[in-house]
Amino acid sequence: MGEVELSCRAYVKMYLHACLFPRCSINGLLLSSSPAGGPVCVTDCVPLLHSHLSLAPITQLALTQVDVWCSQTQQRIVGYYQANACVSDSNPTPCALKIADKISEQFDNAVLLMLDGSKMSSDYRVPPIVMYERKDSKWLLKDKHTIMLRQWEETRAIAGQMLESGDHALLVDFDSHLDDITKDWTNQKLNTKIAELASPANGNI
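Residues numbered from 1 in each chain as written. Predicted model: local features only at pLDDT ≥ 70, side-chain atom pairs only at ≥ 80, totals over all residues. Heavy atoms only, no water.

As named in an unreviewed UniProt entry, the protein chain is ER membrane protein complex subunit 9, taken from Sander lucioperca. The record held by UniProt for the protein chain lists under Sequence similarities (unreviewed entry) the comment "Belongs to the EMC8/EMC9 family." (UniProt positions renumbered as here; feature names shortened; annotations may be inferred.)

(A) Focus on the pairing of strand E6 (residues 111-115). In terms of residue burial, E6 counts as a mostly covered element, since five of its five residues are buried. With burial as the criterion, each face of E6 is covered, one bearing Val 111, Leu 113 and Leu 115 and the other bearing Leu 112 and Met 114. Following the chain from strand E5 (residues 76-83) across helix H3 (residues 94-106) to the adjacent parallel E6, one finds a crossover that is right-handed. Judged from the five bridges that link them, E6 and strand E7 (residues 129-135) form a sheet pairing that is antiparallel. Among the inter-strand pairings, Val 111 is bridged to a residue of E7, identified as Glu 133. (Buried < 20%, exposed > 50% of the residue type's maximum accessible area, 1.4 Å probe, protein only. Helix = DSSP H or I, 4+ residues; strand = E, 2+ residues; numbered from the N terminus. Right-handed = clockwise from strand over helix to strand, strands pointing away. Pairing = 2+ DSSP bridges.)

(B) Molecular detail of helix H2 (residues 56-72). Over its 17 residues, H2 extends 25 Å from the first C-alpha to the last, a length consistent with the 24 Å expected when each residue adds 1.5 Å. Those residues of H2 that fall on the buried side of the exposure criterion are Thr 59, Ala 62, Leu 63, Val 66, Trp 69 and Cys 70. All buried residues of H2 fall inside an arc of 135° around its axis, so they share one side. Structural note: H2 exposes Pro 57, Ser 71 and Gln 72 on the side pointing more than 90 degrees away from its buried face. (Expected span 1.5 Å × (residues − 1). Arc of directions from axis to C-beta.)

Spelled out as structure tokens, the structure:
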């Protein structure tokens, strides 16, 4: 498997999801709108749950709905992300591995991304992510030199700015949508806000 590029939008939404529920494990799906066959470019993400991550029926419902929405918006599910409730633990859980396996059945180059809670402060200079790829039926650490986050300084600044201004409260995960179905789990308001803050130089917003 080759390079994986993570967009500003995808990273900021994952970061804000973890910050919105700091004492919870959170998870979500990584999406791509880039053509098949080239490097995997994660252009967006869908925040899923912040409680009962291992509850299979809710996860299956979310996967089905996101899959339908992706087919309508020319996107596909290319990976899974998770942050564990214990900030010092960034290892994939059995739940993470199971969902990532399911995604890899549909997309060969699927990635599993863990957020490292111990490095989530806004002044940390390196992206707080640990990425895995599937090789020989096992999830193995991916070479960090093949993971690209263009304009990292700008992306980090946008994430910090949105957290400071309270914009993380705009984020809706699938859990919150199930509690109130008027809430938009596709997060169009948040996407617009990120796009407004990101400069044209940021490429894939």
